[in-house]
Amino acid sequence: MVTSESAAPEAKGPASGSRALGGATSIPARPETAPTLREHALVVIRHAITTGDLAEDTTYSAAGLAKQLGMSLSPVREAMMSLVAEGTVEAVPNRGFRLVPVTREDLEEIIRIRALLAGPAVEALCDRAREDPVANASALGDLRRHAEAALAAAHEDDTVGFMTADRLFHEHLLEHGLGRRAADISLRLRDQSRVFAAHSIAAIVDAESAQQIVDLVGLIEAGRSTEAQALVVDNLFYFRRAENF
């Protein structure tokens, strides 16, 4: 797979060779929608996976992660076990946790499944845009805000900002189009894919991807369903653009 060149600092913890999350600036605040510590830990760790703060070739101790997050051990361990259950993380006996390796074949399969959800979501939003544009305006405004944030971050060579905004865009695209369950399924698959462009080309690849989702919002607003569905599927294949450089 194509990975970022960023690396998290070494953590001093009980597990030999383990490493904790990246700098504190990458840790999002606890949202009101995450009422428990376990759910908040899960939000934070998913964010770290999305932005590349967790490396595939590194073992992380629950204690080291908890210390870095400023949280107690129990909710962090529970969050990691949730990720184990969904296949994103695997437990390493007597050492901690590590991300499950992802092959190119895995990436192809993941994107095909995500496309099965994204296509109908875009179609539903296009239908609403044609039938009742006023009622659909709030959802489209939300999507445009995230798309423009992704584009601005890409132009500033801010890979973490781009990945964060892009993840929010696709989350809300599925939620507005098909509902919360579809969004959750797609996000879990996205977290398993963990594709990042190498630092030397990240700004170019991220900017192309961000421009696509800005254009996608325009197509949805115009109700151009066929074009919008084709574009969202192409956008999901981020790793192919990264490979072409």
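To be clear, the structure that these remarks concern was listed above.
A short tour of the structure in this document, coming up. Note that this is a predicted model, so its numbers are computed, not measured.

1. Quick look at the packing of helix α4 (residues 104-131) against helix α9 (residues 225-236)
It is at 9 Å that the axes of α4 and α9 come closest, and there the two elements cross at 150°. Overall, the two elements α4 and α9 adopt an arrangement that is roughly antiparallel. At the point where α4 passes α9, the crossing takes the right-handed sense. Across the interface between the two elements, Ile 111, Arg 114, Ala 115, Ala 118, Gly 119, Val 122, Glu 123, Cys 126 and Arg 130 from α4 touch Ser 225, Ala 228, Gln 229, Val 232, Val 233 and Leu 236 from α9. Partitioned by chemical class, the residues of the contact of α4 with α9 number nine nonpolar, three polar and three charged.

2. With respect to empty space enclosed by the protein
The full count for this structure, using the stated rule, is two cavities of 30 Å³ or more. The space that makes up the second largest cavity amounts to roughly 30 Å³. Lining the second largest cavity, in full, are Ile 49, Leu 54, Tyr 60, Met 80, Val 89, Phe 97, Arg 98 and Leu 99. Tallied by class, residues from the lining of the second largest cavity come to seven nonpolar, no polar and one charged.

3. Focus on helix α6 (residues 159-177)
With 19 residues, α6 should reach 27 Å at 1.5 Å per residue; the first-to-last C-alpha distance of 27 Å fits that figure. Within two residues after α6, Gly 179 carries a phi angle of roughly 125°, on the positive side.

4. A few points about the nonpolar core
Phe 162, Phe 169, Leu 173, Leu 174 and Ile 220 are the most contacted members of the largest nonpolar core, which totals 41 residues. Taken together, the elements giving at least two residues each to this core come down to α4, α5 (133-155), α6, α7 (180-193), α8 (199-221), α9 and α10 (238-243). Beyond its immediate chain neighbours, meaning those up to four positions away, Phe 169 contacts Leu 143, His 146, Ala 147, Ile 213, Leu 216 and Val 217. Ranked by size, the runner-up nonpolar core spans 21 residues in total, among them Ile 49, Ala 55, Leu 83 and Val 89.

Conventions used here
- Residues numbered from 1 in each chain as written.
- Predicted model: local features only at pLDDT ≥ 70, side-chain atom pairs only at ≥ 80, totals over all residues.
- Heavy atoms only, no water.
- Axes fitted to C-alpha atoms, helices over the stretch in contact; angles between N-to-C directions.
- Helix = DSSP H or I, 4+ residues; strand = E, 2+ residues; numbered from the N terminus.
- Parallel < 35°, antiparallel > 145°, perpendicular 65-115°, else oblique.
- Left-handed = near helix turned anticlockwise from the far one by under 90°.
- Contact = heavy atoms within 4.5 Å.
- Nonpolar A, V, L, I, M, F, W, Y, C, P; charged D, E, K, R; others polar.
- 1 Å grid on protein atoms, 1.4 Å probe; cavity = no way out; pocket = protein on both sides within 12 Å on 5 of 7 lines; lining within 4 Å.
- Points joined across faces, edges and corners; volume = space filled by probe spheres on them.
- Expected span 1.5 Å × (residues − 1).
- Core = buried A, V, L, I, M, F, W, Y, C linked by side-chain atoms within 4.5 Å.
- Buried < 20%, exposed > 50% of the residue type's maximum accessible area, 1.4 Å probe, protein only.

By themselves, these observations are geometric and do not establish any function.
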